[in-house]
Amino acid sequence: MPQLTPNKNNTQKSYKRLRLILGDQLNAAHSWYRERDAQTLYVMAELHQEACYTQHHIQKICAFFCAMENFAGALVQAGHEVMYLTLDDTCAYSRLTHLLQDLCIEYDIAAFEYQQPDEYRLEQQLEAFGVEIGHQAGRQSVAAVRYSTEHFLLDHQELPTYIKPAQHNRMEAFYRKMRKRFKILMDGDKPLGGQWNYDADNRNKFKPKDIKAIPEPLVFSNDITSYKKRLIKHHIKTIGFVADELIWPVSRQQSLAVLDYFCHYCLPLFGQFQDAMTSQANDKWSLYHARVSFSLNSKMLSPQQVINQVLKAYHKATDTITLAQVEGFIRQILGWREYVRAVYWVNMPQYSQQNHLAASAALPSYFWTGQTKMQCMQHALQQSLDYAYAHHIQRLMVTGNFCTLFGISPDEVDAWYLGVYIDAIEWVELPNTRGMSQFADGGWVATKPYISSGNYINKMSDYCKTCYYDVKQKSTNNACPFNSMYWHFLDRHKDIFKNNPRIGMAYRAWLKQETQQQKALLQRAQWCIDNIHQL
Ligand code: FAD
Ligand code: SF4
């Protein structure tokens, strides 16, 4: 057995109970921590398995490790017995369960407790481990007990009553149920203000005068030197820009500060500019978005807490914050976030295998370098590599749109999204990427593919003005690749989509075009496919 040096925070030779805390289970309000018990050992570990199950952005791994270590420190301060293991301590263990097995023996553990993992692969692993340690021949058996993470609004067991497997479930219907059940933005049993959805009031483009007013993101200077050194020492391959200091919130206090900053400076215009994109804002790269996804997904913040804080800000400042902005934001947390989690769990493991459009192309190398002549792609990719962040529309209508139009294999798309974003954990990444963005689930999340020509990108951004390609051109040598690829996609998938009522208009527009024009568009698209690596 490799040497597992006891931390200064756990000095005993044996404990009754071992409680595992995973890196995305940093919920300080969990009922586990209400009482201190000298017989309970909390274990947190930096693991090769977690750092390598996909190639992550370096800032993402550092953010998780740093937030974990801060959380462990807070538990010690509160008087709990904690063992924090670094990559140095765990390097001999390729699997988490081997480490747990050794810890159970070393510390004479009688009960192993864990919170339900949010990722299927970890849930399966810990479930199997629980069975294994319960029936150990010739050794004392260990009882395994699973707890809720006490994070989401819906309990895990309730998910199948909200979402049916292998079929489309309307997010809007789900969201209305959630509003009623949790009594959020309700006036009795009617929606506050008389409307469920204020989308029509939202979604503007930035005018040049708006750019100046965009607030700078609240960033931090967290020291990540030791994590970076450990990643190099243990040959962990990463992607993205290696920042000197980490700007992301890595403690509950920093997370609360980001939330507070959002409510004060961004919420008043959140919905209005939710879908807008610009390459002119430079260091104001997160625009009016909240940047709370990492804090939420690591559970440093709870969804209820975020909703309460936003409602509080709204009630305090109804003259500057409109219901449309608040509803637009709450729909993301109460609606989309809980919805994609339910879609994930009722459809796993088959969800991760879906490839309805039989897409098989490889991702071009600019996804890792940002070097492309397409300005929209360049900006979204560079920002993702620099900050491990892009907002929803950049993910959906720029990079995601590109991948759908070019028929990139959903496995490749998933791996990239899962690796690059600070907030990417499979339960939330997979339904968004494979489902909403790539339509690889055949419509379980979206009723039609989220695709567009360059027109949409031009409508919502200023990218096209400075692009090498011409958004007005369709089939010339300098024509925007999105234009011809849009028609190519519709044409190559006509058997699947021609009877889809939500996309029928596009097919009618395609059939109305002259044969010569259709031919020219398909030829230009074929050129783009053949030259995808040089675009
Ligand atoms: P805001 O725009 O300020 O929104 C507030 C919060 O709402 C977010 O923090 C998030 O918790 C929630 N939210 C908004 N949209 C969604 C959604 N579609 N699904 C779930 N929650 C949502 N989000 C992740 O947390 N992890 C991912 O791995 C992830 N992958 C995505 C992949 C694709 C292809 C797409 C289209 C979206 C993905 N999203 C993902 C959703 C969304 O893009 C991010 O939650 C958001 O950009 C995070 O930034 P923010 O906190 O500034 O969000
Ligand atoms: Fe993107 Fe096309 Fe506009 Fe260039 S012209 S920025 S490729 S949409």
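Now for a look at the structure at hand. Residue indices follow the written sequence of each chain, beginning from 1 at its first position. Chain letters and ligand numbers both follow the written order, the letters beginning at A and the numbers at 1. Reporting in this predicted model follows two pLDDT cut-offs: at least 70 for local features of residues, and 80 or more for side-chain atom pairs to be given and counted; totals over whole chains, interfaces and linings ignore these cut-offs and use all residues. Only hydrogens and water are set aside; all other atoms, that is, all heavy atoms of the structure, feed into the side-chain values.

Time to look at the overall build of the protein chain. Per the convention used, a helix needs a DSSP run of H or I reaching at least four residues, while a strand needs a run of E reaching at least two, with both numbered from the N terminus. When its secondary structure is counted, the protein chain shows 23 helices and 9 strands. Computation of the radius of gyration draws on C-alpha atoms, with the globule rule given as 2.2 Å multiplied by the number of residues to the power 0.38. The globule rule puts the C-alpha radius of gyration for 535 residues at 24 Å, and the 24 Å found for the protein chain is close to it. Across its three principal axes, the protein chain shows a C-alpha extent of roughly 80 × 55 × 45 Å. Per-residue accessibility, obtained with a 1.4 Å probe over protein chains only, is compared with the maximum for each type, and a residue is labelled buried under 20%, exposed over 50%, and partly exposed between these values. For the protein chain, buried positions account for 59% of its 535 residues. Pairs at least 24 apart in sequence give 77% of the contacts found in the protein chain among residues at least 6 apart. Positive charge is attributed to Lys and Arg, negative charge to Asp and Glu, and no charge count is given to His or to the chain ends. Here the site of a charge means NZ on Lys, CZ on Arg, CG on Asp, or CD on Glu. Here the protein chain contributes 56 positive and 51 negative side-chain charges, whose respective centroids are spaced 6 Å apart. Whether two residues are in contact is decided by their heavy atoms, any of which lying within 4.5 Å being enough.

Inspection of the region around ligand 1 gives 29 residues, with His289, Ala290, Arg291, Asn297 and Tyr389 positioned closest. Polar contacts, as counted here, are pairs of nitrogen or oxygen atoms within 3.5 Å of one another; within protein the pair requires one atom able to donate a hydrogen and one able to accept it, and residues that are adjacent in sequence qualify only if both atoms are side-chain atoms. Interatomic distance of 3.4 Å between a side-chain N/O atom of Arg395 and a nitrogen atom of ligand 1. Contributions of two or more residues to the shell around ligand 1 are made by helix H11 (293–297), helix H13 (323–347), helix H16 (392–406) and helix H18 (426–437). Under the scheme applied, nonpolar residues are Ala, Val, Leu, Ile, Met, Phe, Trp, Tyr, Cys and Pro; charged residues are Asp, Glu, Lys and Arg; polar residues are all the others, including Gly. For the shell around ligand 1, the class distribution of residues is 15 nonpolar, 9 polar and 5 charged. A molecule or strand has a residue near it when one of that residue's heavy atoms lies within 4 Å.

All right, on to the site of ligand 2 then. Around ligand 2, the neighbouring residues are Met374, Gln375, Cys376, Gly454, Ile457, Tyr463, Cys464, Cys467, Tyr469, Val471, Cys480 and Phe482. If you list the elements that add at least two residues to the shell around ligand 2, you get helix H15 (375–387) and helix H19 (454–460). Each residue belonging to the shell around ligand 2 can be placed in one class, and the counts come to 10 nonpolar, 2 polar and no charged.

This part takes up the packing of aromatic side chains. Side-chain rings of Phe, Tyr and Trp (the six-membered ring for Trp) are treated as a pair once their centres are within 6.5 Å; stacked means planes under 30 degrees apart, edge-to-face means over 60, and tilted covers the remaining angles. For the structure on display, the rule yields 41 aromatic pairs. For the pair Trp32 and Tyr42, a centre-to-centre distance of 6.0 Å together with 50 degrees between the ring planes defines the contact as tilted. In this pair, Trp32 sits in the loop between strand S1 (17–20) and strand S2 (40–45) while Tyr42 sits in strand S2, placing the two residues 10 residues apart along the sequence. Take Trp32 and Tyr42: they sit in the same class, and that class is buried.

Moving on to the pairing of strand S4 (residues 111–115). In terms of residue burial, S4 counts as a mostly covered element, since 5 of its 5 residues are buried. Of the two faces of S4, the one lined by Ala111, Glu113 and Gln115 and the one lined by Phe112 and Tyr114 are each fully buried. With 4 bridges joining them, S1 and S4 adopt parallel strand pairing. In the sheet register, Leu20 faces S4, and the bridge partner there is Tyr114. The pairing criterion for strands is at least two bridges between them, as found by DSSP. In this sheet, strand S5 (residues 143–147) lies alongside S4 in parallel orientation, the contact comprising 5 bridges. Following the sheet pairing, Ala111 is matched in S5 by Ala143.

Their axes nearest at 9 Å, the elements helix H2 (residues 58–77) and helix H9 (residues 225–233) cross at an angle of 120 degrees. One element, H2, and the other, H9, form an angle in the oblique class. Crossing of H2 against H9: the hand is right-handed. In this structure, H2 contributes Ile58, Ile61, Cys62, Phe65, Cys66 and Glu69 to the contact, and H9 contributes Tyr227, Lys228, Arg230 and Leu231. Here, axes are lines fitted to C-alpha atoms. For helices the fit covers the stretch in contact, and angles between N-to-C directions go from 0 to 180 degrees. The scheme is simple: roughly parallel for angles under 35 degrees, roughly antiparallel for over 145, roughly perpendicular for 65 to 115, oblique for anything else. Left-handed is the label given to a crossing in which the near helix is rotated counterclockwise from the far helix by less than a right angle, and right-handed is the label when the rotation is clockwise.

Here we take up the sheet that holds S5. What the 5 strands build is an open sheet, ordered S3-S2-S1-S4-S5; its pairing is parallel. Each edge of the open sheet carries a strand with a single partner, namely strand S3 (81–85) and S5. In this sheet, adjacent strand axes meet at a mean angle of 25 degrees when their direction is disregarded. Sheet topology places S2 next to S3; 5 bridges connect them, and they run parallel. Along S3, the bridge assignment pairs Ala45 with Leu85. Running over the sheet, helix H5 (residues 120–134) touches S1, S4 and S5 and is turned about 165 degrees from S4.

Relative to the elements of secondary structure, Ile333 occurs in helix H13. Look at Ile333 and you get buried, because its relative accessible area is 5%. Those residues within four positions of Ile333 in sequence are excluded, and the remaining contacts are Leu296, Pro303, Val306, Ile307 and Glu338.

The subject of this paragraph is the nonpolar core. The term nonpolar core refers to a set of buried residues drawn from Ala, Val, Leu, Ile, Met, Phe, Trp, Tyr and Cys, joined through side-chain atoms within 4.5 Å. Met377 and Phe402 are the most contacted members of the largest nonpolar core, which totals 153 residues. Of all the elements, H13 adds the most residues to this core, at 14 residues. Filtering out sequence-adjacent residues up to four positions away, Phe402 remains in contact with Pro364, Tyr366, Phe367, Met374, Met377, Phe482, Ile532 and Leu535. In this structure, Leu22, Cys104, Ile109 and Leu126 belong to the second largest nonpolar core, which totals 25 residues.

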